[in-house]
Amino acid sequence: MDLTAFFKMTYGLYVVSAEADGLRAGCIINTAVQVTAEPPRVSVAVNKDNVTARVIAQSGAFAVTAIDKTADMPYIGNFGFRSSDTYDKFEKYGCETSAVGSPYAPEHACALIACRLIDTVDVGTHYLFIGEAVDAQVLSDEEPLTYSYYHTVLKGKTPPKASSYQA
Ligand code: FMN
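Because the structure is a prediction, the values reported are computed rather than measured.

### Considerations on the site of the ligand
Around the ligand, the surrounding shell holds 28 residues, and the nearest of these are Ile 28, Asn 47, Thr 52, Arg 82 and Ser 84. Backbone polar atom of Gly 80 to an oxygen atom of the ligand: 3.3 Å apart, as the coordinates give it. The contact in question runs from a nitrogen atom of the ligand to an N or O atom on the backbone of Lys 161, over 3.5 Å. Coverage of the ligand by the protein chains reaches 97% of its 650 Å² of free accessible surface.

### Quick word on the UniProt feature "domain: Flavin reductase like" (unreviewed entry) in the protein
Using the residue numbers shown here, the UniProt feature "domain: Flavin reductase like" (unreviewed entry) corresponds to residues 6-152. A helix fraction of 16% and a strand fraction of 43% characterise residues 6-152, whose end C-alpha atoms lie 16 Å from each other.

### Regarding the sheet that holds strand β3 (residues 33-36)
In sheet architecture, strand pairing relies on hydrogen bonds along the backbone and comes in two forms, parallel and antiparallel. Within the open sheet, the seven strands sit side by side as β2-β1-β5-β8-β9-β4-β3. Their pairing is antiparallel. The sheet is open, and its two edges are formed by β2 (23-29) and β3, each paired on a single side. Sheet twist, expressed as the average angle between the axes of neighbouring strands with direction ignored, equals 35°. As paired elements, β3 and strand β4 (residues 41-47) share three bridges and run antiparallel to each other. Residue pairing in the sheet places Thr 36 in a bridge with Arg 41 of β4. Against the sheet, helix α2 (residues 73-80) contacts β1 (14-20), β2 and β5 (61-67), and its axis sits at roughly 120° relative to β2.

### Structural notes on the pattern of salt bridges
For the structure on display, the rule yields six salt bridges. Close ionic contact of Arg 24 with Asp 88 constitutes a salt bridge, the shortest N to O distance being 2.5 Å. Separated by 64 residues along the polypeptide, Arg 24 in strand β2 and Asp 88 in the loop between α2 and β6 (96-97) bring together distant segments of the chain. The class of Asp 88 is partly exposed, set by a relative accessible area of 25%.

### Observations concerning the pairing of strand β8 (residues 109-122)
Taken together, the seven bridges between β5 and β8 define a ladder with antiparallel strand orientation. Residue pairing for β8: Val 64 is matched across the bridge by Ile 113. Pairing of β8 with strand β9 (residues 126-138), which is carried by eleven bridges, proceeds in the antiparallel orientation. For Leu 117, the partnering residue across the bridge sits in β9 and is Gly 131. Between β8 and β9, which pair antiparallel in sequence order, lie three residues; one of them, Gly 124, sits at a positive phi of approximately 105°.

Cut-off values and rules
Residues numbered from 1 in each chain as written. Predicted model: local features only at pLDDT ≥ 70, side-chain atom pairs only at ≥ 80, totals over all residues. Heavy atoms only, no water. Near = heavy atom within 4 Å. Polar contact = N/O pair within 3.5 Å; in protein donor to acceptor, adjacent residues only side chain to side chain. Areas by Shrake-Rupley, 256 points an atom, 1.4 Å probe, with all protein chains shown as cover. UniProt positions renumbered as here; feature names shortened; annotations may be inferred. Helix = DSSP H or I, 4+ residues; strand = E, 2+ residues; numbered from the N terminus. Pairing = 2+ DSSP bridges. Axes fitted to C-alpha atoms, helices over the stretch in contact; angles between N-to-C directions. Contact = heavy atoms within 4.5 Å. Salt bridge = Lys/Arg side-chain N within 4 Å of Asp/Glu carboxyl O. Buried < 20%, exposed > 50% of the residue type's maximum accessible area, 1.4 Å probe, protein only.

Written as structure tokens, this is what we have:
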């Protein structure tokens with residue numbers, strides 16, 4: 001099997017976030033997908049070891065922001081390479097509360113979708129969380145960042161907990 005075939009799949013980049021018991025958690029994902037239109041539902045694949053997975057399950061809700069092209073590597077590092085357990089990722093980038101109570105950072109984000117959790121599928125290393133949109137907002141006119149732009153222009157790497165990681 002040629003696993004490099006998976007490199008031909010195209011994605012955007014997002015921050016998925018949630019809050020429970022006073023803990024704000026969020027992480028970068030490339031796996032946010034709109035799965036239905038009526039009602040509007042999205043899925044996100046989050047590694048079971050990520051703090052964000054635990055907090056989404058606990059709170060029964062999550063917010064997804066689409067990262068825009070103004071994002072830099074310190075921003076990606078903040079949300080994608082650190083743990084929410086030991087560090088408040090939202091302190092540096094501002095924090096708003098979405099319609100479902102999940103926090104989100106408006107900086108470097110061009111859209112917000114706030115979801116209540118309606119189903120969770122165990123897919124092995126990750127949970128696939130299915131959410132129904134309760135609110136959606138365009139936050140700016142900036143262009144959304146693609147995974148390809150992240151790799152080719154920002155020269156970004158993919159960490160082991162990402163669904164698309166290859167050793
Ligand atoms: N983690 C996932 O669970 N699912 C993903 O789809 C995913 N995609 C990522 C893509 C990129 C470009 C980067 C930089 C990271 C990605 N990650 C993904 C990894 C998480 O963002 C990372 O493990 C994060 O530090 C987890 O934070 P937390 O423990 O506070 O939840």
